[in-house]
Protein chains: 2
Amino acid sequence: MKTRTEIQERISALRQAMSARGLAAFIVPSTDPHSGEYVPEHWETRKWISGFTGSAGTVVITLKDAGLWTDSRYFIQAEEQLEGTGIRLFKDRLPETPSITEWLGSVLQKEDKVGIDGWVNAHQEAETLHRELTQNGLTLVTMTEDIFTSFWEDRPNLPQAPVFILDEAYTGASCTEKINRIKDTIARNGASAIILSALDEIAWTLNLRGNDVHCNPVFISYLLISKEGYTLYILEEKITDEVRSYLKGHQVEVKTYSALAEDLRTFKEKHQGILQISPLANEALYNLSFRYADTIVAPSPVALMKAVKNETEQDGFRKAMEKDGVALVKFLRWLKKAVPAGGETELSIDKKLYEYRAEQTGFKGISFDTIAGYKEHAAIVHYEATPETDVPLKPEGMLLLDSGAQYLNGTTDITRTIVLGPLTEEEKTDYTLVLKGHLQLQNAHFPAGTCGTQLDVLARIAMWKSGINYLHGTGHGIGHFLCVHEGPHQVRMNHMPTPLEPGMILTDEPGIYKAGRHGIRIENTLLIIPDQETEFGKFYQFEPLTLCPIDKEAIIIDMLTDEELTWLNNYHESVYNRLNPLLNAEEQAWLKEVTSPLKR
Amino acid sequence: MKTRTEIQERISALRQAMSARGLAAFIVPSTDPHSGEYVPEHWETRKWISGFTGSAGTVVITLKDAGLWTDSRYFIQAEEQLEGTGIRLFKDRLPETPSITEWLGSVLQKEDKVGIDGWVNAHQEAETLHRELTQNGLTLVTMTEDIFTSFWEDRPNLPQAPVFILDEAYTGASCTEKINRIKDTIARNGASAIILSALDEIAWTLNLRGNDVHCNPVFISYLLISKEGYTLYILEEKITDEVRSYLKGHQVEVKTYSALAEDLRTFKEKHQGILQISPLANEALYNLSFRYADTIVAPSPVALMKAVKNETEQDGFRKAMEKDGVALVKFLRWLKKAVPAGGETELSIDKKLYEYRAEQTGFKGISFDTIAGYKEHAAIVHYEATPETDVPLKPEGMLLLDSGAQYLNGTTDITRTIVLGPLTEEEKTDYTLVLKGHLQLQNAHFPAGTCGTQLDVLARIAMWKSGINYLHGTGHGIGHFLCVHEGPHQVRMNHMPTPLEPGMILTDEPGIYKAGRHGIRIENTLLIIPDQETEFGKFYQFEPLTLCPIDKEAIIIDMLTDEELTWLNNYHESVYNRLNPLLNAEEQAWLKEVTSPLKR
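Because the structure is predicted, anything quoted here is derived from the model rather than measured. (Residues numbered from 1 in each chain as written. Chains lettered and ligands numbered in written order. Predicted model: local features only at pLDDT ≥ 70, side-chain atom pairs only at ≥ 80, totals over all residues. Heavy atoms only, no water.)

Enquirer: Could you give an account of the overall build of chain A, naming the residues involved and the relevant values?
Expert: Regarding its fold elements, chain A presents 20 helices and 28 strands. For chain A, whose C-alpha radius of gyration is 25 Å, the value lies close to the compact-globule estimate of 25 Å for 600 residues. Looking at chain A as a whole, 59% of its 600 residues qualify as buried. Contacts in chain A between residues at least 24 apart in sequence constitute 69% of all its contacts with a sequence separation of at least 6. Counting every atom, chain A has about 23,900 Å² of accessible surface; 50% of that belongs to carbon and sulfur. Positive and negative side-chain charges of chain A, numbering 60 and 84 respectively, have mean locations separated by a distance of 0 Å. (Helix = DSSP H or I, 4+ residues; strand = E, 2+ residues; numbered from the N terminus. Rg over C-alpha atoms; globule rule 2.2 N^0.38 Å. Buried < 20%, exposed > 50% of the residue type's maximum accessible area, 1.4 Å probe, protein only. Contact = heavy atoms within 4.5 Å. Areas by Shrake-Rupley, 256 points an atom, 1.4 Å probe, with all protein chains shown as cover. Lys, Arg positive; Asp, Glu negative; His and termini not counted. Charge placed at Lys NZ, Arg CZ, Asp CG, Glu CD.)

Structure, rendered in structure tokens:
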């Protein structure tokens, strides 16, 4: 935690830099040039300038005033962290809170200039800002220099972790094959070049992985693919001789990270034809492309290619799930004994879970920060235990545990709500409603062309009949040893048009959250596989990849239909059969018991 | 049926008129100025110029060539009717068929002019034509004169049926109340005037009905609502003294139908502020508005107002359904005896159904042309029996009967698939799958904000598990003694974003169609009503309005869940209780039997 004075000094330094550039205000978002879920420290300018450590928020500094906009998850934390800094808290999404541009309109003079760093603002955000600032009589100035460089002295470097090759034995397709598919696909738009800036798309394309970003095995870079050649823009110290020679073998040239801007300025000297960029690219990249190349904007084709897993990746996922299943069975068996013995907390059990996973071959870390919420903590959807909030686990109520791991074969994401002791009737009813929703989606069959939005209700209809709903999505894609959240397909209440296809991965994670009481979520990862082809066309279904018992102790059997009971028993049978050979005799006996068929 | 020579003479006359106006081609659509489902004879120019009588199709005449574009429903009919006319058939939606604009691009010269009548082409269609013609090097000319007037000698007049008042006892809100709501709503867009051109919107607003259009109790007109006054543009002979005085009482001035164009040209002399028009308005209206008024385009607020029925309309629907239910019970009882006795056909039983409905008070005709399809005819989704296709009904297989009526209290739409004799196992299985889908949707509960697309899967998931699907929507809105199909809400596989609200009417009509074998559909009309309000917000549910037994003879009971069996039995119990007092003893006994609870 920085002292209030330090924060004030930093704001002052920014104001001097702003004055020198004729800016009346500067907007500092929480994003980086690659729009990923986690931001490397180097780009944590919003945190550095404000002292506010939450994951979401935007700071706005004027020459005299300052504000932070953040959402309800962070109201209390932000109030504490901003105290004495001179930065005011604006509670986002409350009706009385002005938007950033409305507020700037009210405190600045007409024609005043508002600066942003084009590299860390997505084009779509910048476009919205531009429109709204103009409506408020102000001018947006998009900078291509990083204004913090001049006064942030001990700024962390760009991440320098070495990049490594993910063997074709894991990826099932070579870098060259993937690049050729990308070139063929953009050619249908009339484009002969594309810049990739999403880190997971670059990692997937090149069959490389890195360690630059928390939980995501990616590396900071841009990738230009054109008919004249391929260039990876990356800090060169991250490239070992092995990787350099591998890239050379695939005709991929390596240049330093910052060289992209320069190469864009001379684009037409080296390239003919049209350049494609994504509407999600950052504003600086967007502007450079439009200025120096014949550019079209279209969604990156890599998102969809990457979402549809090939046979090798699918088999890898199955292996990763066996490893994860073994770790989880060992953990659950331990937990059920450890809690009554006392001394365990939300944080301590997460360490234990990590140890079990770390024993597995090919383990490369967690895929996101564990959510371990006991009793009413589980009702806070994004709860993450800290030493301040941590509580002891007692032999009563339920523990919600949402966790995942990275393995060389694949990425996992699983939630179980675990019975630690006696439950209320309401807890059991809600648990069974969540289970019904989970099973209804997992066992759906659907025709080609169906999108996630169409299936979402299957996971909700049982709880809707009891006047209950959850406000998060029901399912998301998962990368193959990549990001745990990936698109473009999703299962949500709002409209997500991408059709579901065989080879896509989806989570199935309905939940019920009752503030101050309890939270329940049951999540498996599913693979879309072919079902049958009839006079009505092709139909698809789901194969559950996750292998882990669902706690039977909270189920009210009479609330399940015969079909649901059969589905659950079949799932448990396959969990037992797949994991049994990988466990010792005591673990086998425990698993046998917890996966034994439920009967009326 | 016109002779080939007559058609050729008409085409020649059109070509002369085109030449005189410098047009190289003219496009004749099937639509009229009000974009309704049924077109009055006056505007059936496409039928007149081509001799093709199908409901959908577009004719394109060049100076030397001619073509009709229509879809697969009409390929055979069109081929017969076009023979010898010189008009070629273009089979729409087949991959080898050029679009109209592609074809024109290939047969015309660069810069050639292609004419349309702006009054009978919707703005959105005209915009697409303009874009595509430009891409093909051609120019679109939007005419505001009706080119057919000069040479179509015995052209039917505009419909002249008198307009009548629908009493507030039926509508539950006065014309003035409705106009004020419309003014308040458009004011939120900054508009102070609106032109309504959709006939059902005008009828709803003014609490007037007419007889100008087949099955729809509407009248040809435009309605201008502005802060300076209200004007109904309509052939004045249709306005009785009573209606004139009623309109005057609500400050609605009456002018002749064609005066709208003139009034728009002088719009700014009489009106201040902004005029709102719908993106669905015709192109002539759209162009006049943009030329002579400060215009914004926004969906008409009346569509949504009209879709949400008030208490009086809801009660009216319940009464209309009792009448319709009585007619249907009498009919079904008769049918089950008449078919084995012999001599009945698809067409003859429709006459009988009409007679039973016509006995009901407040009956004002059918709400759409009956679909009565026996055996394999039922697999043709838009089948309408004609003397040529009509077949005798035998005591075997099933009859699909989709029909509806107009009553002063409301409009009905119901489908039953009726068992006439022995069935195959496949027929019973498919019938039960359709019933399961129907019941799952009818018994859904859902939170405020849910749209129809989200619920659609409930009606399909059971059949999807058997590799079966249907390609039509699951449900549509229904007007109150108005059009049997109305928006803006719908339940379909494609995205329909309008949230479902209490007071909206929806049909629930899944089906299974197996070409050459059988077709099954079960349809009730539902009303959205409140369910409960919880910590998760407001929830809604459906009240089934339709009162008519669902044929139990085709049900495979073991395919129904306990819940589905209970729902069906509860529905049948309420059908019996509501209709029983309105029937004679023999009918009561029959209804008792066919609505008695199904047991395993």
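Enquirer: An account of empty space enclosed by the protein is requested, with residue identities and associated values reported.
Expert: All names here are of chain B. Enumeration according to the criterion identifies 6 cavities of 30 Å³ or more in this entry. Each pocket or cavity is described by its volume, and for the largest cavity that value is around 80 Å³. As for the largest cavity, its lining consists of Phe26, Ile27, Val28, Pro29, Thr31, Trp43, Thr45, Asp117, Val120, Asp146, Ile147 and Phe148. Ranked by residue count, the leading element in the lining of the largest cavity is strand β1 (residues 25-28), at 3 residues. Of the residues in the lining of the largest cavity, the class split is 8 nonpolar, 2 polar and 2 charged. (1 Å grid on protein atoms, 1.4 Å probe; cavity = no way out; pocket = protein on both sides within 12 Å on 5 of 7 lines; lining within 4 Å. Points joined across faces, edges and corners; volume = space filled by probe spheres on them. Nonpolar A, V, L, I, M, F, W, Y, C, P; charged D, E, K, R; others polar.)

Enquirer: Explain the relation of the copies chain A and chain B to me, using residue names and the numbers behind them.
Expert: Laying chain A over chain B is done by rotating through 180° and shifting 0.1 Å along the axis; what remains is an RMSD of 0.1 Å. Both chain copies can therefore be described as sitting about a two-fold axis. Taking the C-alpha atom as reference, chain A places Gln454 of chain A closest to the rotation axis, 2.7 Å from it. When the interface residues of chain A are mapped onto chain B, 100% of them again fall at the interface, so both copies present the same face. (Least-squares fit on C-alpha atoms with pLDDT ≥ 70 in both.)

Enquirer: Could you give me a rundown of the nonpolar core, with the residues and numbers involved?
Expert: General note: in soluble globular proteins, nonpolar side chains tend to be found buried as a group. The biggest cluster of nonpolar side chains holds 155 residues, and the ones touching the most others in it are Leu335 of chain A together with Leu335 of chain B. Residues within four places of Leu335 of chain B in sequence aside, it is in contact with Pro340, Ile349, Leu393, Leu399, Ile418 and Leu420 of chain B. (Core = buried A, V, L, I, M, F, W, Y, C linked by side-chain atoms within 4.5 Å.)

Enquirer: Any details on the interface of chain A and chain B? Residues and values, ideally.
Expert: Taken residue by residue, the interface counts 31 residues in chain A and 32 residues in chain B. Between chain A and chain B, roughly 2,600 Å² of surface is buried when both sides are summed, and carbon and sulfur atoms account for 60% of that area. At the junction of chain A with chain B, the criterion picks out 2 salt bridges. Its salt-bridge partner being Glu535 of chain A, residue Arg517 of chain B comes within 2.5 Å of it at the nearest N-O pair. At the boundary of chain A with chain B, the tally comes to 5 residue pairs in polar contact (both at pLDDT 80 or more). Elements that contribute at least two residues to the side of chain A that touches chain B include exactly β21 (445-447), α17 (452-455), α18 (461-464), β25 (511-514), β27 (524-534) and α19 (562-579) of chain A. (Buried area = accessible area lost by both parts, 1.4 Å probe. Salt bridge = Lys/Arg side-chain N within 4 Å of Asp/Glu carboxyl O. Polar contact = N/O pair within 3.5 Å; in protein donor to acceptor, adjacent residues only side chain to side chain.)

Enquirer: Which residues make up the packing of aromatic side chains, and what are the values?
Expert: Residue and element names in this part refer to chain A. Summed over all chains, the structure comprises 40 aromatic pairs over all chains. A centroid spacing of 5.5 Å and a plane angle of 65° characterise the contact between Trp69 and Trp103, whose relative ring orientation is edge-to-face. Here the residue Trp69 occupies a position in strand β3 (residues 66-70), and Trp103 occupies one in helix α4 (residues 100-107), the gap between them amounting to 34 residues. Each member of the pair, Trp69 as well as Trp103, carries the same accessibility label: buried. Ring centres of Phe363 and Tyr407 lie 5.9 Å apart, and the angle between their planes is 65°; on these two criteria the pair is classed as edge-to-face. Of the two residues, Phe363 sits in strand β15 (residues 363-366) while Tyr407 sits in strand β18 (residues 405-407), which places them 44 residues apart along the sequence. The exposure classification of Phe363 matches that of Tyr407, with both residues buried. Three or more aromatic residues joined by ring pairs form one cluster here, namely Phe26, Trp48, Phe148, Phe151 and Trp152. The ring of Trp204 has Lys178 sitting right over it, with the charged end atom 4.2 Å from the ring centre. Above the plane of the ring of Phe164 lies Lys364, whose end atom (NZ or CZ) is 4.9 Å from the centre. (Phe/Tyr/Trp six-rings, centres within 6.5 Å; stacked < 30°, edge-to-face > 60°. Lys NZ or Arg CZ within 6 Å of the ring centre and 35° of its normal.)

Enquirer: An account of the pairing of strand β4 (residues 88-91) of chain A is needed here, citing residue identities and associated values.
Expert: Residues and elements named next belong to chain A. Two elements, β3 and β4, share 4 bridges in a ladder whose sense is parallel. Of the residues in β4, the one forming a bridge with Trp69 is Phe90. A crossover links β3 with its parallel partner β4, the connecting element being helix α3 (residues 75-82), and its sense is right-handed. (Pairing = 2+ DSSP bridges. Right-handed = clockwise from strand over helix to strand, strands pointing away.)

Enquirer: An account of the sheet that holds strand β10 (residues 222-226) of chain B is requested, with residue identities and associated values reported.
Expert: Residue and element names in this part refer to chain B. On the basis of which strands lie adjacent, the open sheet formed by 6 strands has the order β12-β11-β10-β8-β13-β14 and mixed pairing. What marks the edges here is a single partner per strand, and that holds for β12 (252-255) and β14 (295-297). The sheet shows a mean angle of 20° between the axes of neighbouring strands, direction not considered. Where strand β11 (residues 229-233) and β12 come together, 4 bridges link them in parallel fashion. Bridged to Tyr233 within β12 is Lys255. Seen against the sheet, helix α8 (residues 199-206) touches β8 (191-196), β10, β11 and β12 and runs at an angle of roughly 55° to β10. (Axes fitted to C-alpha atoms, helices over the stretch in contact; angles between N-to-C directions.)

Enquirer: Tell me about the sheet that holds β4 of chain A, and please be specific about residues and values.
Expert: Residue and element names in this part refer to chain A. Across the sheet, 6 strands lie side by side as β4-β3-β2-β1-β5-β6; this open sheet has mixed pairing. The sheet is open, and its two borders are formed by β4 and β6 (139-143), each paired with just one other strand. Averaged over all adjacent pairs, the angle separating strand axes in this sheet is 25°, with direction ignored. The strands touched by α4 within the sheet are β1 (25-28), β2 (58-62), β3, β4 and β5 (113-117), with β2 carrying the most contacts at an inclination of about 10°.

Enquirer: Tell me about unusual backbone geometry, residues and numbers included.
Expert: Glycine aside, residues mostly have negative phi, and peptide bonds are mostly found in the trans state. Note the cis peptide between Gly487 of chain A and Pro488 of chain A, where omega equals 5°. Within the element layout of this structure, Pro488 of chain A appears in strand β23 (residues 486-491). Notably, Lys375 of chain B is not glycine yet its phi reads approximately 50°, a positive angle. Mapped onto the secondary structure, Lys375 of chain B falls in the loop between β16 (371-374) and β17 (398-403).

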